[in-house]
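# Descriptive analysis of the structure
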Amino acid sequence: MIRAVKETKTTGTSLPDRKINAIRMAIAYAGGVAVMALLFLAAYFLLDNIVIDQRSTAQRIHIVEQQRMLSQRIALLSTDLYVGDTSTSEALQDAVTQMERSQDILSGKGDPAVARQLTAAEHELYFVGSSPLDAEVRSFLDDARRFIGATNMNAGNEAYRALQHHSRDLLLPALDRAAALFAEQADIRIEQARKAQQFLLIALLIALALEAMLIFRPMVTKIRRYNAHLYEMATRDPLTGLANQRHFNEYANREFRLARRTAKPLSMAVCDIDQFQQINDKHGRAVGDAVLRRFGELAARILRDTDIISRVGGEEFALALPVMNLHGAMIIAEKLRRGMAENKSDNLPPFTISVGVAVSEHGDKKMEDLLQRAGSALQVAKAEGRNRISCLSGPPEKKQSHSDAVSQDTGITS
């Protein structure tokens, strides 16, 4: 307890130093959230773009495979019709119509947006060169229509041979190349998307690390420090830095219950700065406050770490001394009295204290009983001339007083 007082006094931290700039923290937090939101949106749109691209690629590959099947179907049905099976004429016409419709979809005829989805290599295959695939498909379909609409044997034979030549020697290899190219372009886009995904993942991890270091860690640190400061404000006297009465009562009650349970002694002391009102009247309130602060500093140096001292009134202080019998409590009280009496300061007037001491007994039912006996002992010390220690080891009528004359071995005389 006393160590906490010393650290508080030496660090000199104040409320403005620990005050949280709520607006700055809110802006930083909102900025971090916005960055994360943007990265998540980028990840969403990247994934959505991959899905759309793969669906479009799959659709184009499906159309190419459908065209391969339809070209073979048209070639077979035309052969049936060529040998005299006129029942295949309608099916042949349907196959030609389906293949033309799929070619219009693939080449973007009537929908330029579809054509723009083709890569440069795919566009070159379909529309550039001496024999582009789009022209080959449409020439094949024209041959099929000429064959269906032939009115004489020569025209029919010529159209049939051209149709079979396109199907076997030109169209099938070109459609195979188209399917392979679409698959290759899909692999390239998947690899690009994978690299973009890796970049986005790295950016996300970096953003999380930066937010943790630059936003959340400072914010948590400030909140922790501010909470510590709030706890200090709730448990410390703002003038002296000592425990306030509420914190003292909690600690003293806990130690009192522990002393009763373990049958170990607990001493209480109540001290008062002598003639404090005269110091205020003669030197002013500011000097009186400085005397109180000086008392707190000296008490923190003298008492043990396990002891607690609290300002319970204007110039009155209470001490709890765990596991301390009456003899030991009198020694500590004498050190405290002597430390104040021998204190020399150019800026402060000399001051002394009177101390009343009491030790826990079996008749004490609560901590206030012990504290009240220590207070009664203080009144005896003040009545006998101040700057001295008085103790009550039993009921109030059994008192023992000690003046500022001390012996060589204990520092106290009876």
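Everything that follows concerns the structure shown earlier in this document.
Notes on the structure follow.

Quick notes on the rules
- Residues numbered from 1 in each chain as written.
- Predicted model: local features only at pLDDT ≥ 70, side-chain atom pairs only at ≥ 80, totals over all residues.
- Heavy atoms only, no water.
- Buried < 20%, exposed > 50% of the residue type's maximum accessible area, 1.4 Å probe, protein only.
- Helix = DSSP H or I, 4+ residues; strand = E, 2+ residues; numbered from the N terminus.
- Pairing = 2+ DSSP bridges.
- Core = buried A, V, L, I, M, F, W, Y, C linked by side-chain atoms within 4.5 Å.
- Contact = heavy atoms within 4.5 Å.
- Expected span 1.5 Å × (residues − 1).
- Arc of directions from axis to C-beta.
- Salt bridge = Lys/Arg side-chain N within 4 Å of Asp/Glu carboxyl O.

On a regular strand, one side chain projects to one face of the sheet and the next to the other, so that they alternate. Among the eight residues of strand β1 (residues 266–273), eight are classified as buried, and the element is accordingly described as predominantly covered. Where β1 lies against strand β3 (residues 316–322), seven bridges are found, and the strand directions are antiparallel. Residue pairing for β3: valine 270 is matched across the bridge by alanine 318. Where β1 meets strand β4 (residues 353–359), seven bridges bridge the pair, whose relative direction is antiparallel. By the bridge assignment, methionine 268 is partnered in β4 with alanine 358.

With that out of the way, let us pick up the nonpolar core. Membership of the largest hydrophobic core comes to 34 residues, with the highest contact counts inside it found for Ile273, Phe295 and Val357. Within the residue set of this core, elements represented by two or more residues are β1, α10 (276–283), α11 (285–302), β3, α12 (326–341), β4 and β5 (389–392). Element by element, the count of residues in this core is highest for α12, at seven residues. With near-sequence residues (within four places) excluded, isoleucine 273 lies in contact with Val291, Leu292, Phe295, Glu315, Phe317, Phe351, Thr352 and Ile353. Formed by 30 residues, the second largest nonpolar core is a distinct cluster that contains Leu77, Phe147, Ala174 and Ala178.

What follows is about helix α13 (residues 367–383). Spanning 17 residues, α13 covers 25 Å between terminal C-alpha atoms, matching the ideal 24 Å at 1.5 Å per step. Buried within α13 we find Met367, Leu370, Arg373, Ala374, Ala377, Leu378, Val380 and Ala381. An end-on view of α13 places all buried positions within 160 degrees of arc, on one side of the element. With respect to the buried face of α13, the exposed residues turned more than 90 degrees away are Gln372 and Ala383. Positioned one or two residues after α13, glycine 385 has a phi angle of 125 degrees, which is positive.

Quick look at the pattern of salt bridges now. Applying the stated criterion across every chain yields a total of 18 salt bridges. Salt-bridge contacts for aspartate 176 lead to arginine 68; the nearest nitrogen and oxygen are separated by 2.6 Å. Remark: arginine 68 occurs in helix α3 (residues 22–82) and aspartate 176 occurs in helix α8 (residues 153–235); sequence separation between them is 108 residues. For arginine 68, a relative accessible area of 27% corresponds to the partly exposed category. Measuring nitrogen to oxygen at the nearest pair gives 3.8 Å for the salt bridge that ties arginine 285 to aspartate 289. In this pair, arginine 285 and aspartate 289 both sit in helix α11, four residues apart, roughly one turn of the helix.

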